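Listed below, chain by chain, are the residues.
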Amino acid sequence: MGVRKYIQRAAIFPLMVVIFLPGMVSCSSDEPEEKSPENSRDAFVGEYDYISTGNLDIFAAGVKIHSLPLDREGSFEIVKEEEENKVAIVGAIYGEKDSIHAIVTGNQLTLENNSVSYSNELASLQMALSYPPVTLTDGKMVCDANMMGIGTFQSYSITGNGHVKIEATKK
């Protein structure tokens, strides 16, 4: 099997983990704000269905080797954590993690971390996402996240960049 196939197989799954991890909850909407409940987390707590669209382009040694579609449907749940402004997003995660953590401030939800590292014996990847906080409006959240990554696969340089739009609707 050629280097290109190894790179594709080793890089695609970790990149998917990184993309959907922060992308599920950390974006914004231009729509007006909903009324703030007494505990601002209450508005976000609940079950959601989501649809994501976009792609991630993967490059090895400066050559585009694959364009990974990020079109997917699924669901997740937002639950309160013990700390006052924290919530956990459960069920929207690929790979080994079962939840991600976010902070609610007023009517906005923001992830605590916007970068993820992945490594194994063959590859090492660092992905970063850029996005504003998400606002819940009429039971909907819209996320537009840009992704950028860098890493290695054996002795080859691997990079990735892309965009994903996620629309989540509260059940």
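Residues numbered from 1 in each chain as written. Predicted model: local features only at pLDDT ≥ 70, side-chain atom pairs only at ≥ 80, totals over all residues. Heavy atoms only, no water.

**Q** A description of the overall build of the protein should follow, citing residues and the corresponding values.
**A** When its secondary structure is counted, the protein shows 1 helix and 11 strands. Here the protein holds 171 residues, and the buried ones make up 43% of them. Long-range pairs, those at least 24 residues apart, make up 61% of the contacts in the protein between residues at least 6 apart in sequence. For the protein, the accessible area works out to roughly 8,900 Å², and carbon and sulfur atoms hold 48% of it. (Helix = DSSP H or I, 4+ residues; strand = E, 2+ residues; numbered from the N terminus. Buried < 20%, exposed > 50% of the residue type's maximum accessible area, 1.4 Å probe, protein only. Contact = heavy atoms within 4.5 Å. Areas by Shrake-Rupley, 256 points an atom, 1.4 Å probe, with all protein chains shown as cover.)

**Q** Can you lay out unusual backbone geometry for me, pointing to particular residues and giving the numbers?
**A** Excluding glycine, residues mostly carry a negative phi; peptide bonds, for their part, are mostly trans. At D138, a position not held by glycine, the phi torsion is positive, near 50°. Here D138 shows up in the loop between β9 (134-135) and β10 (140-153). Accessibility expressed as a relative area gives 66% for D138, which makes it exposed.

**Q** Which residues make up the environment of Y131, and what values do they have?
**A** With respect to the helices and strands, the residue Y131 is situated in the loop between β8 (123-130) and β9. Along the chain, Y131 and A145 lie 14 residues apart, while their C-alpha atoms are 5.2 Å from each other.

**Q** Outline the packing of aromatic side chains, supporting the account with residue identities and numerical values.
**A** Inspection of the entire model under this criterion finds 2 aromatic pairs. Relative to F76, the ring of Y48 has its centre 5.1 Å away and its plane inclined at 10°; by these criteria the two rings are stacked. One end of the pair, Y48, is in strand β1 (residues 46-60); the other, F76, is in strand β3 (residues 72-80), and 28 residues separate them in sequence. Its relative accessible area of 0% is what places Y48 among the buried residues. Three or more aromatic residues joined by ring pairs form one cluster here, namely Y48, Y50 and F76. (Phe/Tyr/Trp six-rings, centres within 6.5 Å; stacked < 30°, edge-to-face > 60°.)

**Q** Kindly report on the side chain of S52, identifying the contributing residues and their values.
**A** Residue position: S52 is located in strand β1. Within the local environment of S52, its side chain forms a polar contact with the backbone oxygen of L70, the two atoms lying 2.7 Å apart. (Polar contact = N/O pair within 3.5 Å; in protein donor to acceptor, adjacent residues only side chain to side chain.)

**Q** If you had to explain the side chain of K86 to someone new, which residues and values would you point to?
**A** You can see K86 is positioned in strand β4 (residues 86-90). Given a relative accessible area of 18%, K86 falls into the buried group. Residues contacting K86, with those up to four places away along its chain left out, are R41, K80, E81, A102, I103 and E112.

**Q** I'd love a proper account of the confidence of the model for the protein, names of residues and values included.
**A** Per-residue pLDDT for the protein has a mean of 77; in total, 73% of the residues score no lower than 70. Note that pLDDT drops below 50 for residues 6-29; the model gives that stretch 85 contacts with residues more than four away or on any other chain. Note on residues 31-37: pLDDT under 50 across the span, and 9 contacts to partners over four residues away in sequence or across chains. (pLDDT = per-residue confidence, 0-100.)

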